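Each chain, written out:
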Amino acid sequence: MINSIAIIFTSIVLEALPFVFLWTMVASAIHVFMTPERMQKLMPKHPLLAYAFAWWMWLVIPICECVSVPLLKQLLKKWVPVGVGITFMASAPIVNPLVMASTWFAFSHNPSIFWWRIIGWFFGAIVIWFLFSKLLKYSRSEVTLPNDSENHAACDHDSHDSHHSHWWDKFHHGITHFLQEFTTICFYLIIWALLASLAKVFLPVSRIETLSSNLLVEILLLQALAFALSLCSEADAFIARTFQWMFSDASILWFLLFGPMIDFKNTMMLRMIFSWKQIFLLIGVITVVTGSISVLYMTIG
Amino acid sequence: MRAHTIRHSRLLLVLLSLFVRYAYLLYFNKFSLFVHPKLHIFTYLMIACILMILIYMVLMLDTKKIIKNYSMSWTASIVFVMLWLLPALGAQLDPSILPIVDMSTVQENNRWGSSNWTPMNEANSDMGSYTDTAFVIKLVERDSEWNILLTQDNYHGTIMEVMKQSDTYVWDSIKAYGIVFKGREYKENEFGVGLYQMSCCAADAQIVWMKFMTDWVVPRVGQWVSIVWVMQKDDQWELIVVSNRIRPIPPLDDPYVY
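Please read these numbers as outputs of a predicted model, since none were measured by experiment. (Residues numbered from 1 in each chain as written. Chains lettered and ligands numbered in written order. Predicted model: local features only at pLDDT ≥ 70, side-chain atom pairs only at ≥ 80, totals over all residues. Heavy atoms only, no water.)

**As for the overall build of chain A**
Test applied: A run of DSSP states H or I qualifies as a helix once it reaches four residues; a run of E qualifies as a strand once it reaches two. Both are numbered from the N-terminal end. Should any heavy atoms of two residues lie within 4.5 Å, those residues are counted as being in contact. Computed with the Shrake-Rupley method and a 1.4 Å probe, the accessible areas treat only the protein chains shown as cover for residues.
The helix and strand inventory of chain A stands at 14 helices and zero strands. Going from N to C terminus, chain A has its helices and strands arranged as α-α-α-α-α-α-α-α-α-α-α-α-α-α. Long-range pairs, those at least 24 residues apart, make up 84% of the contacts in chain A between residues at least 6 apart in sequence. Summing over all exposed atoms, chain A offers an accessible surface of approximately 11800 Å²; the carbon and sulfur share of this is 71%.

Structure (structure tokens):
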């Protein structure tokens, strides 16, 4: 048993690390050269175009959910509509090319998961924006924009970009940011891999059959794990795949959609922007929308 | 400054341990025991990047600025420890925790017995078009005794051919090796011999096996065996396999079919 745990744990880590390493490197380079200020300059002025921009921007900007909330804060500070920001936050961790590539490799044996993750993003982000905006309006709850100076919740180093004018400084900053991000992500990956390997070996078949027969239980279990462990979206596909043998595809899709959009770490950071009431509202909306997509997948997928 | 220096060296060790771990596994051909060879290219890329970063860090080692900026959180220590603790143990997973794909059912419905996907589904559809007997025979490998050889390299293709073109291969003898299993519903004189199959990494491994019938002693479960069997058809014109010669062999260093 110990040998099996060791092999499974090792294989998950060894397989995922190169992806995490390379994607974090690219993301760090873009983090240095593509600042939030530059993004805001690129943002179209027309609201509809701005939504479309927010919808598609993450296809070319590979930043995981670690920095989506600080970016959301920056955007809101610049009076970008809340809806655009939320679309941003919901899209970022799912559809950037690196996450898509990871998902493709992890689920190359079951491409429907990959395509439905894309579909989930495509419709999910815009529905989340719509519902959240309506509910905010209905509950007469206004977003209080942060007026403090720079508060880099995701980066504990003294970044940022505009301070680094020389290319060598930028390069050095990129390396520093990469190393810190990489070790942090590694930490979560290792914890997850350990949990996954323990679950695979010690969950008896009878228990798994019970879980599998109760869709609600398995969905709640996977969602709780996705929320609590704040798994990086660049590695979550590999972890999710290891659970494929005991959970249904629908609940794994829910895990892949829900986790990157909101997790414990992001909830804590969202407190910089929203009240608790608004945060719970957002979590509720994301849960319902991603859940509906998974149910749809289960029905017709 | 001293604390920062220690943290910096810790980070160097994290990268170094990562580099050594991967390089060791690749150099000694053990990496395939954990990760599918199709993903090795990403590992090579990562190793190249690690090397460059290490060189960069060593060059910048004495700079105050970089020492300050490389200050690390405690998570780096955990990563470092876990990377060194990553065990390079035996390659054999406990078969009882793995999903099973019974290859003997391939002929009945052109699908595997389990609902689990395997890459062989693709092979299945590909091979369906090869109906010309002369061409099919060329697809199987034979030894000097005209036994069809079933190895890790030709595992999928040969089984597909033999099971789908059973009329062609009936009374042919086939030589293979693998680990002995016993399915829940198997009778006393039935047993399975199979190998581990990897889709992406060892975490998603499953067992692919063939079901055998024998009038002799059924080998012990978990025993590695070399087996020669003869294809036969019973009264119902269903495919059965009858074990002929079974010989224990030492466990394979690499038990995977890729």
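Still more ground to cover, so stick around.
**Overview of the confidence of the model for chain B**
Regions with low pLDDT carry predicted coordinates that are not meant to be interpreted in detail. Residue and element names in this part refer to chain B. Rule in force here: Think of pLDDT as the predictor's per-residue confidence, scored from 0 to 100.
The share of residues in chain B with pLDDT of 70 or more is 60%, and the mean pLDDT across the chain is 69. Across chain B, element-level confidence peaks in strand β4 (residues 173–181) with a mean pLDDT of 85 and bottoms out in helix α6 (residues 120–127) with 36. A low-confidence stretch, residues 1–6 (pLDDT under 50), is modelled with five contacts involving residues beyond four sequence positions or located in other chains. For residues 106–138, every residue scores under 50 in pLDDT, and the model assigns this stretch 58 contacts once sequence neighbours within four places are set aside. Predicted as a complex, the structure gets a pTM of 0.66 and an ipTM equal to 0.73.

**Some words on the packing of helix α12 (residues 249–261) of chain A against helix α14 (residues 276–300) of chain A**
To characterise two packed helices, one gives the angle between the axes of the helices and the distance between these axes. All names here are of chain A. The criterion, for reference: Note on definitions: angles span 0 to 180 degrees between N-to-C directions of axes, and those axes are lines fitted to C-alpha atoms, for helices only across the stretch in contact. Note that the term roughly parallel is reserved for angles under 35 degrees, roughly antiparallel for angles over 145, roughly perpendicular for angles of 65 to 115, and oblique for everything else. It is the rotation of the near helix from the far one that decides the hand of a crossing: anticlockwise by less than a right angle makes it left-handed, clockwise makes it right-handed.
Contact geometry of α12 with α14 gives a least axis separation of 9 Å together with a crossing angle of 155°. Looking at the two axes, α12 sits roughly antiparallel to α14. Pair α12 / α14 crosses with right-handed handedness. Where α12 abuts α14, its residues D249, A250, L253, W254, L257, F258 and M261 lie against I286, T287, T290, G291, I293, S294, Y297 and M298.

**With respect to the nonpolar core**
Basically, it comes down to this: Nine residue types can take part in a nonpolar core, namely buried Ala, Val, Leu, Ile, Met, Phe, Trp, Tyr and Cys, and a core is a set of them joined through side-chain atoms within 4.5 Å. When a residue's accessible area, from a 1.4 Å probe over protein chains only, is under 20% of the maximum for its type it is buried; when over 50% it is exposed; and in between it is partly exposed.
Residues F21(A), L270(A), F274(A), L282(A), W229(B) and Y256(B) are the most contacted members of the largest nonpolar core, which totals 137 residues. Per-element accounting of this core gives the leading share, 14 residues, to helix α1 (residues 2–33) of chain A. Apart from the residues within four sequence positions on either side, L282(A) is in contact with I86(A), M89(A), I128(A), F132(A), L270(A) and F274(A).

**Observations concerning the pairing of strand β5 (residues 190–197) of chain B**
All names here are of chain B. Selection rule: Strand pairing follows a simple DSSP-based rule, namely that at least 2 bridges must link the two strands.
Within β5, eight of the eight residues are buried, leaving the element largely enclosed by the surrounding structure. When β4 meets β5, the two strands line up antiparallel, connected through three bridges. Bridging from a neighbouring strand, F181 pairs with G192 of β5. With two bridges joining them, β5 and strand β9 (residues 256–257) adopt parallel strand pairing. Following the sheet pairing, Q197 is matched in β9 by V257.

**Some details on the packing of helix α5 (residues 82–95) of chain A against helix α7 (residues 111–138) of chain A**
Residue and element names in this part refer to chain A. Taken N-terminus to C-terminus, the directions of α5 and α7 make an angle of 155°; their axes are 9 Å apart at the nearest point. By the angle between their directions, the pair α5 and α7 is classed as roughly antiparallel. Taken as a pair, α5 and α7 cross one another with a handedness that is right-handed. Note on element contacts: α7 touches α5 through R117, W121, A125, I128, W129, F132, S133 and L136, opposite V82, G83, V84, I86, T87, A90, S91, I94 and V95.

**Quick notes on the side chain of E15(A)**
One can find E15(A) in helix α1. Non-local contacts of E15(A), meaning those with residues more than four positions away in its chain, are made with F238(A), R241(A), V35(B), L39(B), C200(B) and C201(B).

**As for the packing of aromatic side chains**
The way to describe two aromatic rings as a pair is by their centre distance and the angle between their planes. Basically, it comes down to this: Any pair of Phe, Tyr and Trp rings, taking the six-membered ring for Trp, is counted once the centres come within 6.5 Å. Such a pair is stacked with planes under 30 degrees apart, edge-to-face with planes over 60 apart, and tilted for the rest.
Counting across every chain of the model gives 13 aromatic pairs over all chains. Look at W116(A) and Y297(A): their rings are 5.3 Å apart centre to centre, the planes differ by 65°, and that puts the pair in the edge-to-face class. Of the two residues, W116(A) is situated in helix α7 and Y297(A) in helix α14; the sequence distance between them amounts to 181 residues. Measuring from ring centre to ring centre gives 5.8 Å for Y196(B) and Y256(B), while their planes differ by 50°; the resulting arrangement is tilted. Linking Y196(B) in strand β5 with Y256(B) in strand β9, this pair joins segments that are 60 residues apart in sequence. Note on accessibility: Y196(B) and Y256(B) belong to one class, buried.

**Quick word on α12(A)**
Put simply, the rule reads: A helix is expected to span 1.5 Å for every residue after the first.
Taking 1.5 Å of rise per residue, 13 residues should cover 18 Å, and α12(A) covers 19 Å from first to last C-alpha, within 8% of that figure. The set of residues buried in α12(A) consists of A250(A), S251(A), I252(A), L253(A), W254(A), F255(A), L256(A), L257(A), F258(A), G259(A), P260(A) and M261(A).

**Some words on the confidence of the model for chain A**
Within chain A, residue pLDDT values average 73, and 72% of them lie at 70 or more. Counting contacts from residues 148–162 of chain A, a segment whose pLDDT is below 50, to residues more than four positions away or on other chains yields 35 contacts.

**Side note on unusual backbone geometry**
For N29(B), which is not glycine, the phi dihedral falls at a positive 60°. A relative accessible area of 68% means that N29(B) is categorised as exposed.

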